[in-house]
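Working through the structure, step by step
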Amino acid sequence: MKVLVVSLAQTSRLSIASAVLAAIVPPCLADEVPVTTEFGVVFTPFVDSLSKGRNRIQIDAPDFNVSPRYYRLRFQVTNPEGVPWTITIRSPGGQMLSTFDQTDLRCQSEAGCWTVRLGSSLPTVRFDTSSSAAVAKVLTGLYMPKQAQRTFYSPMQGSRDELISSLDLPDDDERSTLQDKAENLGMLIASGPTEDGSKANWCCSGVRLNGDLFMTNWHCGAAKGLPDSAFWKTSGSFNSCQASLVDLSWDHDSQGREYACRSVEFENKKLDVAVLRLEALADGPLLARPLSLPVLSTDALQSGDQVMVLHHPACEPKSVTRNCGVKNPSLPSWIDDQQASEFSHNCTTENGSSGGPVYSADGSLVGLHHLGAKEGEEDKGNFAVRLAAILTAIEQEKPALHREITARAQ
């Protein structure tokens, strides 16, 4: 069993059993791929296959003395005869938690398909099919503990991240505006092979640009240490897009808002950006138009301009770092000294904040956080890519995509 970190807790929060804590990943250097946050407890809930003759199992919980935040299960179905099949997941009391069938072709792919959040412990899985040749495997279980204790890796003096749902904002307009922005904040949940051949899960942050386009960091497309060709790979034996989910949910939603990656519309390593097109999961809700579309700004930034970062630090629920600002408004790309595309800021971030949208004081989207400060150089700030540089690159390479993004953001 691979033990990974699920979430960040402030020092005032309780810690979970030490068995679910992983070693702190050191801050990355500017010339390395930034680290994403590994999270959750990956476990194998059932080693055999489900079939027509053995079509029902109960998922046993990992041996941890903590309650789950939620579960996820990843399935792979082999269906050589192309017959109908159905997977149904119920709580111990019989409540329907999830159901999907052969119309979701991702379940029959190499990557398999993830379920939506499963809030119940010890769910029961049933596989129904008329074919003796069809089998279903539960490839992975992901157990998400409620709390963990971990220090920040990119703290900035004078700022801290806060759960948006816990903010006490007396001004109704300010609260509503922040909540609208948070609706477009998503947590990218990805999985795939690692440099040593094992498998891992990780999370990043990102922002929905319109109905089905989602922007995050390029470095979130594969595990650290893999060659560039592995990032946002969409062909071959492993498809990193198919193995990714985007979770737009608040943690206590009655229904989660989780979506699959349908395609990678744009990727650029120098700008550390990827734009994904989303689609509904077979057992999830449809993609509805956002309550409010982000206002995109290409205006030049100035040192001292107030900004805030919305993010999922260490896979925490929707969070914000406020009361911070721009340090250096014009810096070179993290891997290209000839391209001025970044700015630094003094907003506290954590692994998992990668891809978090950076907003100006007037509420416009101005950048995408992507890199933490080097250890001992916190005075230089954390780093974000300027939205102006991203939009210019998209316009040059994908004019139709640029028109789609900017038209939907008005």
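From a predicted model like this one, the values you see are computed outputs, not experimental measurements.

Overview of the overall build of the chain
- Along the chain, the regular secondary structure elements total three helices and 23 strands.
- When the 410 residues of the chain are sorted by exposure, 57% land in the buried category.
- In the chain, 70% of the contacts between residues at least 6 apart in sequence involve partners at least 24 apart.
- Surface accessibility of the chain: about 17,100 Å² in total, with carbon and sulfur atoms responsible for 46%.

Thoughts on the pattern of salt bridges
- Within the structure shown, the criterion is met by 17 salt bridges.
- The partner of Asp336 in a salt bridge is Lys270, with the nearest N and O atoms 3.3 Å apart. Taken together, the residues span a long stretch of sequence, with Asp336 in strand β20 (residues 336-345) and Lys270 in the loop between β15 (258-268) and β16 (273-280) at a distance of 66 residues.
- What makes Asp336 buried here is its relative accessible area of 15%.
- Residue Lys270 is classed as partly exposed on the basis of its relative accessible area of 40%.

Thoughts on the environment of Val207
- Tracing the chain through its elements places Val207 in strand β12 (residues 199-208).
- As a C-alpha pair, Val207 and Gly355 span 148 residues in sequence and 7.6 Å in three-dimensional space.
- With residues near it in sequence (within four places) discarded, Val207 still touches Asn184, Leu213, Phe214, Met215, Gly355, Pro357, Tyr359, Leu365 and Leu368.

Side note on the sheet that holds strand β3 (residues 56-58)
- If you trace the four strands from one edge of the open sheet to the other, you get β3-β8-β5-β6, paired in antiparallel fashion. Edge strands, defined here as strands with exactly one partner in the open sheet, are β3 and β6 (96-101). Averaged over all neighbouring strand pairs, the angle between strand axes comes to 15°, with direction disregarded.

Some thoughts on the confidence of the model for the chain
- Confidence in the prediction for the chain averages 82 pLDDT; 84% of positions are at 70 or higher.
- Confidence drops under pLDDT 50 across residues 1-36; counting only partners more than four residues distant or on other chains, this segment forms 118 contacts.

What about the nonpolar core?
- Grouped together as the largest cluster of nonpolar side chains are 30 residues, with contacts concentrated most on Leu178, Met215 and Leu310.
- For this core, the element with the highest residue contribution is helix α2 (residues 387-397), accounting for six residues.
- Ranked by size, the runner-up nonpolar core spans 25 residues in total, among them Phe214, Ala222, Leu226 and Ala230.

What to know about the pairing of strand β5 (residues 85-90)
- Pairing of β5 with strand β8 (residues 124-129), which is carried by six bridges, proceeds in the antiparallel orientation. Residue pairing across strands places Thr88 opposite Arg126, the latter belonging to β8.
- For β5 and β6, the ladder comprises five bridges, and the chain directions are antiparallel. Within β6, the residue paired with Ile87 across the bridge is Phe100.
- In this antiparallel pair of consecutive strands, β5 and β6, the connection spans five residues, and Gly94 shows a positive phi of 100°.

A word on the packing of aromatic side chains
- Throughout the structure, instances matching the rule amount to four aromatic pairs.
- Centroid distance Phe75 to Phe100: 5.7 Å. Interplanar angle 65°. Geometry classified as edge-to-face. Here Phe75 is found in strand β4 (residues 68-78), whereas its partner Phe100 is found in strand β6, with 25 residues between them in sequence.
- Overall, the relative accessible area of 5% leaves Phe100 in the buried class.
- Consider the rings of Trp85 and Phe100, whose centres lie 6.4 Å apart with planes at 85°: the pair is edge-to-face. Taken together, the residues span a long stretch of sequence, with Trp85 in strand β5 and Phe100 in strand β6 at a distance of 15 residues.
- On the accessibility criterion, Trp85 (1% relative accessible area) is buried.
- Members of the aromatic cluster, joined through ring pairs, are Phe75, Trp85, Phe100 and Phe127.
- Positioned above the aromatic ring of Tyr359 is the side chain of Lys181, whose terminal nitrogen or guanidinium carbon lies 5.3 Å from the ring centre.
- Lying across the ring of Trp250, Lys318 places its NZ or CZ 5.4 Å from the centre.

Cut-offs applied
Residues numbered from 1 in each chain as written. Predicted model: local features only at pLDDT ≥ 70, side-chain atom pairs only at ≥ 80, totals over all residues. Heavy atoms only, no water. Helix = DSSP H or I, 4+ residues; strand = E, 2+ residues; numbered from the N terminus. Buried < 20%, exposed > 50% of the residue type's maximum accessible area, 1.4 Å probe, protein only. Contact = heavy atoms within 4.5 Å. Areas by Shrake-Rupley, 256 points an atom, 1.4 Å probe, with all protein chains shown as cover. Salt bridge = Lys/Arg side-chain N within 4 Å of Asp/Glu carboxyl O. Pairing = 2+ DSSP bridges. Axes fitted to C-alpha atoms, helices over the stretch in contact; angles between N-to-C directions. pLDDT = per-residue confidence, 0-100. Core = buried A, V, L, I, M, F, W, Y, C linked by side-chain atoms within 4.5 Å. Phe/Tyr/Trp six-rings, centres within 6.5 Å; stacked < 30°, edge-to-face > 60°. Lys NZ or Arg CZ within 6 Å of the ring centre and 35° of its normal.

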